[in-house]
Amino acid sequence: MVNSKFNVERNTHLHFENKHVSRHFFVFLFALYAIVYMTKNCFNAALADIVNEGILTKSQTGSITAAFYIVYAPLQIVGGMAADRFSPHLLIKIGLIGGAVANSVIFLNQNYYVMLVTWVLNAIIQFALWPSVFKIMTSELCRSDRKQMIFYMSLSSTVGLLGNYLLAAFLPSWEYNFFVSAILLLGLAIGIHFYDRHINKYMIPDRIEAESKTASPATVYSGSSLKLFWFSGMFLLLIPVFVRSVIGQGIKSLSPTMIMETYGISPQISNLLNIFIIIAGIAGTMLVRFLLKDKMSDMAGIAVFLILTFGLSVALLFSDNIITTMIILCLMSTTSTAPTLFMSYFNSGFSKYGKNATATGIYNTAGSLGVCASGYVIAVIADNFGWGVTQGVWCASLFVSVLVALILIPMNNRFRKKEAEREALTAKTENL
């Protein structure tokens, strides 16, 4: 059924039933977020060049990234709530336009304070971008495709990061990262504007909205949202989410500088070597999707890969040559990336309560704080105490996250069992 009554930038609680159109829109959404993620990491990709040229220190460059995430992190909760309430398409367009402006300013002016303020404003304008993408993916795409699309979307950040380092390796100067990013974001803003007009005629209202103007998906759960997130283990999960983000971001963004300073190679070569580390992250997602699918619970999968990452972090402490170090860093990239798919599956489970964007906003807050800690706190530790101490901090953090993940497994199992019993009782009562 095709209609033209809806506008995805004004109406909410809509979805696709045309699988062909839904999948094509997902491809656009994947490219969109990969590019957005690429633009958010411009400073990380340029770090080795900036430090080598003496423009900024590691901690100064890290402070710009940290300032972005200090502001961006708490706004993710607001962004998640906004994406559950307002049009995620409109929120995405606003974020894209703001990002294009911010990248343009930095390309034109490389003053430290100008870059710092501009990047903070960029964080504010992009507050709802990822929650909105997740909302579309888990609520608007064809239902039968959603779990598969979560898998594909989990690759987008790695693809974006890979694209960033490729740009950094081949562009004539690091500031051109921001010029290319500005052009791409502006193109995406124009693209989604016209794409939204195209898909309007394919959108169908969600059943619960069609049946009742007052009904809300959140009424499926008998308690408050706070109770929902607490008893499911969401709040406690934020500790492993934070640590995984610190480690994952550190491995992919700080490795070029660590390799350059430890083994005396050029920033260009270290950036090229880092591409192998980033690609290894894709292997972790593939491992979960194709080998471990439905073989373990989300929480068990998170715990297993955190344990593996912890073991590799211990091995990294004793590595004394570039080949061994590269192998360990690639393996750590694989094992630290793998939990993100389990975490995304966990967040998508809140769609039946109408809280999927809010859940991913809370999740992304912890992840963003982890990026912030990696970009600034870990960079300061590396500046003042060296890379050996930095690796020791990674190791200790992973040990704590493993303990928390093991506690979460029985906690989440109890929650799922009680919810299944409650839903079965509700269904039985309605059939009487």
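This one's a predicted model, so the numbers in the text were calculated from it and none came from an experiment.

Engineer: Sorry if this is basic, but what is going on with the overall build of the protein here?
Structural biologist: Each helix and strand counted, the protein has 18 helices and two strands in total. When the 432 residues of the protein are sorted by exposure, 56% land in the buried category. Carbon and sulfur atoms make up 67% of the accessible area of the protein, which totals about 17,900 Å². In the protein, 30 positive and 21 negative side-chain charges are present, and the distance between their average locations comes to 8 Å.

Engineer: Honestly, the nonpolar core in this entry has me stumped. Any pointers?
Structural biologist: A general trend in soluble globular proteins is that nonpolar side chains are found buried together. Residues Phe16, Phe25, Leu32, Leu96, Val133, Met137 and Met153 are the most contacted members of the largest nonpolar core, which totals 116 residues. Tallying contributions element by element places helix H1 (residues 19-40) first for this core, with eleven residues. Not counting the four nearest positions on each side in its chain, Val133 is found in contact with Leu29, Leu32, Tyr33, Ile92 and Met153. One finds Ala83, Leu91, Ala128 and Ala357 within the second-largest nonpolar core, a separate group that totals five residues.

Engineer: Teacher, can you tell me more about helix H7 (residues 146-154) here?
Structural biologist: Every α-helical turn comprises 3.6 residues, leaving residues that sit three or four positions apart pointing alike. All of the buried residues along H7 are Arg146, Met149, Ile150, Phe151, Met153 and Ser154. On the buried face of H7, the contacting elements are strand S1 (14-16), H1, helix H6 (129-139), helix H8 (156-170), helix H13 (267-291) and helix H16 (339-348).

Engineer: Can you help me understand empty space enclosed by the protein in this one?
Structural biologist: Gaps left between atoms are located by rolling a probe of water-molecule size over the structure's atoms. All told, the structure shown has two cavities of 30 Å³ or more when counted by the stated rule. In terms of lining, the largest cavity is formed by 29 residues, of which the most central are Tyr37, Ser157, Arg244, Thr340 and Tyr363. Elements supplying a minimum of two residues to the lining of the largest cavity: H1, helix H3 (58-85), H6, H7, H8, helix H12 (234-263), H16 and helix H17 (356-385). A per-element tally of the lining of the largest cavity places H12 first, with six residues. Grouping the constituent residues of the lining of the largest cavity by class yields 13 nonpolar, 13 polar and three charged.

Engineer: Would you explain the side chain of Thr325 in this entry?
Structural biologist: As for its position among the elements, Thr325 is in helix H15 (residues 322-337). You can call Thr325 buried: its relative accessible area is 5%. Looking at Thr325, its side chain comes within polar contact range of the side chain of Ser319, at 2.7 Å. With sequence-adjacent residues up to four places away left out, Thr325 is seen in contact with Tyr263, Leu316 and Ser319.

Engineer: What's the story with helix H5 (residues 112-125) in this structure? I'm lost.
Structural biologist: Given a rise of 1.5 Å per residue, 14 residues ought to cover 20 Å, and the 20 Å separating the end C-alpha atoms of H5 matches this to within 8%. All of the buried residues along H5 are Tyr112, Met115, Thr118, Trp119, Asn122 and Ala123. Down the axis, H5 shows its buried residues gathered within 145 degrees of arc, on one side only. Residues of H5 that are exposed and point more than 90 degrees away from the buried face comprise Tyr113 and Leu121.

Engineer: Can you walk me through the packing of helix H14 (residues 298-317) against H15 in this structure?
Structural biologist: Angle between the axes and distance between the axes are the two parameters that describe a pair of packed helices. Here H14 crosses H15 at 165 degrees, and the two axes come no closer than 9 Å. Between H14 and H15, the angle falls in the class roughly antiparallel. Both H14 and H15 take part in a crossing whose hand is left-handed. Contact residues: Phe305, Leu308, Thr309, Leu312, Ser313, Ala315 and Leu316 in H14; Thr325, Ile328, Leu329, Leu331, Met332, Thr335 and Ser336 in H15. Tallied by class, residues from the contact of H14 with H15 come to nine nonpolar, five polar and no charged.

Engineer: Sorry, what's going on with the confidence of the model for the protein here?
Structural biologist: As a note on interpretation, predicted positions should not be read in detail where pLDDT is low. Mean pLDDT over the protein works out to 83, with 92% of the residues at or above the 70 mark. Predicted confidence is poor over residues 208-219, with pLDDT under 50, and the contacts of this stretch with residues over four places away or in other chains come to ten contacts.

Engineer: Before we go on, may I ask you to explain the environment of Arg10 in this structure?
Structural biologist: With respect to the secondary-structure elements, Arg10 resides in the segment before S1. For Arg10, a relative accessible area of 66% gives the class exposed. For the pair formed by Arg10 and Ile328, sequence separation is 318 residues and the distance between their alpha carbons is 49 Å.

Engineer: What's the story with the pattern of salt bridges in this structure? I'm lost.
Structural biologist: Following the criterion strictly, the structure yields three salt bridges and no others. Note that Asp84 and Lys135 form a salt bridge whose closest N and O atoms lie 2.8 Å from each other. Residue Asp84 is found in helix H3, and its partner Lys135 is found in helix H6; the two are separated by 51 residues along the sequence. Comparing Asp84 with Lys135, the two get one shared label, buried.

Engineer: Please clarify how the side chain of Lys93 should be interpreted in this entry.
Structural biologist: Along the chain, the position of Lys93 falls in helix H4 (residues 88-108). By relative accessible area, which is 13% here, Lys93 ends up buried. Non-local contacts of Lys93, meaning those with residues more than four positions away in its chain, are made with Glu9, Ala189, Ile192 and His193.

Engineer: Any chance you could explain a nonpolar patch on the surface here in plain terms?
Structural biologist: A cluster of nonpolar side chains, Leu166, Phe170, Ile269 and Leu272, forms an exposed patch at the surface whose accessible area comes to about 370 Å². Elements supplying a minimum of two residues to the nonpolar patch: H8 and H13. Here Leu166 is to be found in helix H8. Judged by relative accessible area, which is 36%, Leu166 ranks as partly exposed.

Rules behind the numbers
Residues numbered from 1 in each chain as written. Predicted model: local features only at pLDDT ≥ 70, side-chain atom pairs only at ≥ 80, totals over all residues. Heavy atoms only, no water. Helix = DSSP H or I, 4+ residues; strand = E, 2+ residues; numbered from the N terminus. Buried < 20%, exposed > 50% of the residue type's maximum accessible area, 1.4 Å probe, protein only. Areas by Shrake-Rupley, 256 points an atom, 1.4 Å probe, with all protein chains shown as cover. Lys, Arg positive; Asp, Glu negative; His and termini not counted. Charge placed at Lys NZ, Arg CZ, Asp CG, Glu CD. Core = buried A, V, L, I, M, F, W, Y, C linked by side-chain atoms within 4.5 Å. Contact = heavy atoms within 4.5 Å. 1 Å grid on protein atoms, 1.4 Å probe; cavity = no way out; pocket = protein on both sides within 12 Å on 5 of 7 lines; lining within 4 Å. Points joined across faces, edges and corners; volume = space filled by probe spheres on them. Nonpolar A, V, L, I, M, F, W, Y, C, P; charged D, E, K, R; others polar. Polar contact = N/O pair within 3.5 Å; in protein donor to acceptor, adjacent residues only side chain to side chain. Expected span 1.5 Å × (residues − 1). Arc of directions from axis to C-beta. Axes fitted to C-alpha atoms, helices over the stretch in contact; angles between N-to-C directions. Parallel < 35°, antiparallel > 145°, perpendicular 65-115°, else oblique. Left-handed = near helix turned anticlockwise from the far one by under 90°. pLDDT = per-residue confidence, 0-100. Salt bridge = Lys/Arg side-chain N within 4 Å of Asp/Glu carboxyl O. Patch = residues over 30% accessible without salt bridge, like charges linked within 9 Å, V, L, I, M, F, W, Y side chains within 5 Å.

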